[in-house]
Amino acid sequence: MSRLPRIKHVRAFVVKNDGTGGGADYHDQGDGHWIDDHIATPMAKYPEYRQSRRSFGINVLGTLVVEIEAENGVVGFAVTTGGEPAAYIVEKHLARFLEGRDPSEVEKIWDQMYFSTQYYGRKGLVVNAISGVDLALWDLLGRLRQEPVFAMLGGAVRDELIFYATGARPDKAKELGFIGGKMPLHHGPAEGEEGLHKTIAELEAMRNACGDDFWLMFDCWMALDLNYATRLAHEAHKLGLKWIEEALSPDDYWGYQALKKNAPKGMLVTTGEHEATRWGFRMLLEMECCDIIQPDVGWCGGVTELQKISALADAKGVLMIPHGSSVYSYHFVVTRHNSPFAEFLMMAPGADEVVPMFHPQLIGEPVPVNGRLKVPDTPGFGVELNRDIALHRPYARP
Ligand SMILES: C[C@H](O)[C@H](O)[C@@H](O)[C@@H](O)C(=O)O
Ligand SMILES: [Mg+2]
């Protein structure tokens, strides 16, 4: 048992988006933002849901803020996607496994949060909530021990992080010093051959703008079927596409296995941002579904679970490049040999300038400069909650 003060309170807040940006629910943006402009999705088969992902509810959850206060008044926090339903799970179910406990017991607390909710959780919203609690716990531990999270994970293996950028303007990303640009896929099977031709034309234009050596990737956000994804991969290979991301449903392990076999030699198949826990990633790895796994540390189970996921990938020689999750992934990536680069999501509406990913929720949120970032060695994840945002605690307990 450590000498740390015990956990006194766990609190779950939601944030009303006042139009200044979605924060951790980064898809919750205003009109005209690149991230909600005719992006291919599994819902695109319904024309009424094809133009905007907000139209089918991609932003319905909103941000979850988890605060964990120790007996000595020190507070750790984290943000992720989850909103009110996740806040309910935190306050009504998960808090009981933390309050009164030693904050250093991250493994036992994670095990109790997961197996107590296994009958209704395992992936998605429940594991988002578990992730939010776990991230806040690691932040609290860092503050209590006066150590950055990366120091508690084994220390940095490199001086700085290098990033690729996700957004509609890889040409701007190149100018800003990023090592590559991942584009949203705008057209899927519902738009037939015409859509495929438009996609290839977009890629060709960006290849011409960025030159032959700049990484270009497509993020397909679960929108495709195996045949379409295979055809797209072979067409895009002619233009040097580096990887095809999340082409199929996260549950179609068999489809990914076939896509990886069918893909052109030299093209990487990647997925994982909507996968969760060591068991889900074991399936992706043992079925040889992809060349890079991309867990989101705010959705896959948090730091405690990502340690296990990353080790599984490392043992199989698979890269683990987390889905963009700001400081929560930076502190992890900097400590792992099989995470040689990171993702930065361009949250400016035009994808043409670098702004903090979770703006306006995190004070001190670091951003890459010239595509690089030295992870600050301040305690915890090194950021503070912006208490000027509209925080609301819907399930406050006495
Ligand atoms: C750009 C993609 O459509 C998603 O919005 C993005 O958040 C995610 O898939 C990513 O890999 O960054
Ligand atoms: Mg993605």
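Relevant structure appears above.
These lines cover the structure that appears in this document, whether it is placed above or below. Quick caveat, the model's predicted, so the values are computed rather than measured.

Conventions adopted
Residues numbered from 1 in each chain as written. Chains lettered and ligands numbered in written order. Predicted model: local features only at pLDDT ≥ 70, side-chain atom pairs only at ≥ 80, totals over all residues. Heavy atoms only, no water. Helix = DSSP H or I, 4+ residues; strand = E, 2+ residues; numbered from the N terminus. Rg over C-alpha atoms; globule rule 2.2 N^0.38 Å. Buried < 20%, exposed > 50% of the residue type's maximum accessible area, 1.4 Å probe, protein only. Contact = heavy atoms within 4.5 Å. Areas by Shrake-Rupley, 256 points an atom, 1.4 Å probe, with all protein chains shown as cover. Pairing = 2+ DSSP bridges. Donors = N, O, S within 2.8 Å, 3.2 Å for Na, K, Ca; no water. Near = heavy atom within 4 Å. Polar contact = N/O pair within 3.5 Å; in protein donor to acceptor, adjacent residues only side chain to side chain. Axes fitted to C-alpha atoms, helices over the stretch in contact; angles between N-to-C directions.

### Things to note about the overall build of the protein chain
Here comes step 1: Of the regular secondary structure elements, the protein chain holds 11 helices and 15 strands.
Here comes step 2: The C-alpha radius of gyration of the protein chain comes to 20 Å, within 12% of the 21 Å expected for a compact globule of 398 residues.
Here comes step 3: The dimensions of the protein chain, computed from C-alpha atoms along their principal axes, are 60 × 40 × 40 Å.
Here comes step 4: Taken across its 398 residues, the protein chain has 59% of its residues classed as buried.
Here comes step 5: Restricting to contacts in the protein chain with at least 6 residues of sequence separation, those with at least 24 account for 72%.
Here comes step 6: Split by element, the accessible area of the protein chain, about 15300 Å² in all, is 51% carbon and sulfur.

### A look at the pairing of strand E3 (residues 75-81)
Here comes step 1: Judged by how many residues are buried, E3 sits mostly within the fold: six of seven residues are covered.
Here comes step 2: As judged from the seven bridges shared by strand E2 (residues 63-70) and E3, these two strands associate in the antiparallel manner. Residue pairing for E3: Val66 is matched across the bridge by Ala78.
Here comes step 3: Counted between consecutive antiparallel strands, the loop separating E2 from E3 contains four residues, among which Gly73 sits at a positive phi close to 90 degrees.

### A look at the coordination of the magnesium ion (ligand 2)
Here comes step 1: Coordination sphere of the magnesium ion (ligand 2), protein contribution only: Asp219 (OD), Glu245 (OE) and Glu273 (OE), at 1.9 to 2.0 Å.
Here comes step 2: We note that the donor set of the magnesium ion (ligand 2) lies within a single chain, spaced as D-x25-E-x27-E. With a gap of 26 residues between them, Asp219 in strand E6 (residues 215-219) and Glu245 in strand E7 (residues 241-245) connect regions that are remote in the sequence. Both residues of the pair, Asp219 and Glu245, belong to the buried class.

### Looking at the site of ligand 1
Here comes step 1: Lining the immediate environment of ligand 1, one finds 15 residues, of which Tyr26, His27, Lys182, Asp219 and Glu343 sit closest.
Here comes step 2: Glu245 places a polar side-chain atom, nitrogen or oxygen, 2.9 Å from an oxygen atom of ligand 1.
Here comes step 3: The separation between an oxygen atom of ligand 1 and a polar side-chain atom of Glu273 is 2.9 Å.
Here comes step 4: Surface burial for ligand 1 is 100%, taken as the share of its 320 Å² of free accessible area covered by protein chains.

### Regarding the sheet that holds strand E15 (residues 391-392)
By definition, the strands of a sheet pair up through backbone hydrogen bonds, in either a parallel or an antiparallel sense.
Here comes step 1: The strand order E3-E2-E1-E15 describes an open sheet built from four strands, whose pairing is antiparallel. Edge strands, defined here as strands with exactly one partner in the open sheet, are E3 and E15.
Here comes step 2: In terms of strand pairing, strand E1 (residues 7-15) meets E2 through seven bridges, oriented antiparallel. In the sheet register, Arg11 faces E2, and the bridge partner there is Glu67.
Here comes step 3: Relative to the sheet, helix H3 (residues 125-145) contacts E1, E2 and E3, its axis offset from that of E3 by approximately 150 degrees.

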